[in-house]
Amino acid sequence: DAGVIQSPRHEVTEMGQEVTLRCKPISGHDYLFWYRQTMMRGLELLIYFNNNVPIDDSGMPEDRFSAKMPNASFSTLKIQPSEPRDSAVYFCASSSTRTGNTIYFGEGSWLTVV
Amino acid sequence: GDSVTQMEGPVTLSEEAFLTINCTYTATGYPSLFWYVQYPGEGLQLLLKATKADDKGSNKGFEATYRKETTSFHLEKGSVQVSDSAVYFCALSGYSSASKIIFGSGTRLSIRP
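Residues numbered from 1 in each chain as written. Chains lettered and ligands numbered in written order. Predicted model: local features only at pLDDT ≥ 70, side-chain atom pairs only at ≥ 80, totals over all residues. Heavy atoms only, no water.

### Overview of unusual backbone geometry
Then, in step 1: The linkage connecting Gln80(A) with the following residue, Pro81(A), adopts the cis geometry, with an omega of -5 degrees.
Then, in step 2: Mapping Pro81(A) onto the fold places it in the loop between β8 (74-79) and β9 (88-95).
Then, in step 3: Residue Pro10(B) is reached from Gly9(B) by a cis peptide bond, and omega for that bond is -5 degrees.
Then, in step 4: One non-glycine residue, Asn51(A), lies in positive phi territory at about 50 degrees.
Then, in step 5: Notably, Lys60(B) is not glycine yet its phi reads approximately 55 degrees, a positive angle. (Helix = DSSP H or I, 4+ residues; strand = E, 2+ residues; numbered from the N terminus.)

So, in structure tokens, the structure goes:
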């Protein structure tokens, strides 16, 4: 089975530009998570969805960040406008209540904002 | 609320040494407990898990036992290898956190040849 698929793997963008990160969860999983990882703050949960509905977005740092899940097989995390402090690795992950809530991670999107 | 505390890193050991990474938790009810590993440049991967008290999770020579009396889930390996160098995360999925997994801060492990 394919795992969680994220794109792009690497992105370098200029401050002020819009960034869109994409995620395809594992087929059949009903939970989708977006995490951010930095050296300073470690692994942070930004938002998670259940059956395409956002459940908890309390980790989203500010209004510049938004996430959508239009269907069960696709989600986006958008940053507009981007700032240098947004530079991080963004992970998408998915899980299923049928498999004991084990979370499966994608390989991450490495974002650098200059 | 639910939380996980794991030992600060970095931890540096020689090859074939014994490894322990401590993890304790606070949770309501009976959480499931996990260890994830992150190799350089990769995402987190499930290493092992335990879903009830006294369960032992094991994988790739690593073990951890769910100790409810001490609210702990320490990771151990009898003889580490250079290839075990990675960051290790303890995590829980608890009653109050539903399907949201709460991660510890991670422990970086480096193994010297």
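What follows continues from the structure just given.
### Looking at the sheet that holds strand β9 (residues 75-77) of chain B
Residues and elements named next belong to chain B.
Then, in step 1: Taken in spatial order, the four strands of this open sheet run β3-β9-β8-β7, and their pairing is antiparallel. Either end of the sheet is taken by a strand with one partner, and the two such strands are β3 (19-21) and β7 (56-59). For this sheet the average axis-to-axis angle between neighbouring strands, irrespective of direction, equals 20 degrees.
Then, in step 2: Note that β3 and β9 share three bridges and pair antiparallel. The residue of β9 that forms the bridge with Leu-19 is Lys-77. (Pairing = 2+ DSSP bridges. Axes fitted to C-alpha atoms, helices over the stretch in contact; angles between N-to-C directions.)

### Considerations on the sheet that holds β8(A)
Residues and elements named next belong to chain A.
Then, in step 1: The four strands lie next to each other as β1-β3-β8-β7, forming an open sheet whose pairing is antiparallel. Whereas interior strands pair on both sides, the edge strands pair on one side only; in this sheet they are β1 (5-7) and β7 (65-71). Direction aside, neighbouring strands of the sheet carry axes that sit 15 degrees apart on average.
Then, in step 2: Bridge count between β7 and β8: five bridges; the pairing is antiparallel. Within the sheet, the bridge partner assigned to Phe-65 lies in β8 and is Ile-79.

### Describing the nonpolar core
Then, in step 1: Of all hydrophobic cores here, the largest spans 27 residues; its most connected members are Trp35(B), Leu47(B), Leu48(B), Phe73(B), Leu75(B) and Tyr88(B).
Then, in step 2: Of all elements in the fold, only β2 (11-14), β3, β4 (23-26), β5 (32-38), β6 (44-50), β8 (62-65), β10 (86-93) and β12 (107-112) of chain B reach the threshold of two or more residues within this core.
Then, in step 3: The biggest single contributor to this core is β10(B), with four residues.
Then, in step 4: Within the second largest apolar cluster, 21 residues are counted, among which are Leu21(A), Leu32(A), Ala67(A) and Tyr90(A). (Core = buried A, V, L, I, M, F, W, Y, C linked by side-chain atoms within 4.5 Å. Buried < 20%, exposed > 50% of the residue type's maximum accessible area, 1.4 Å probe, protein only.)

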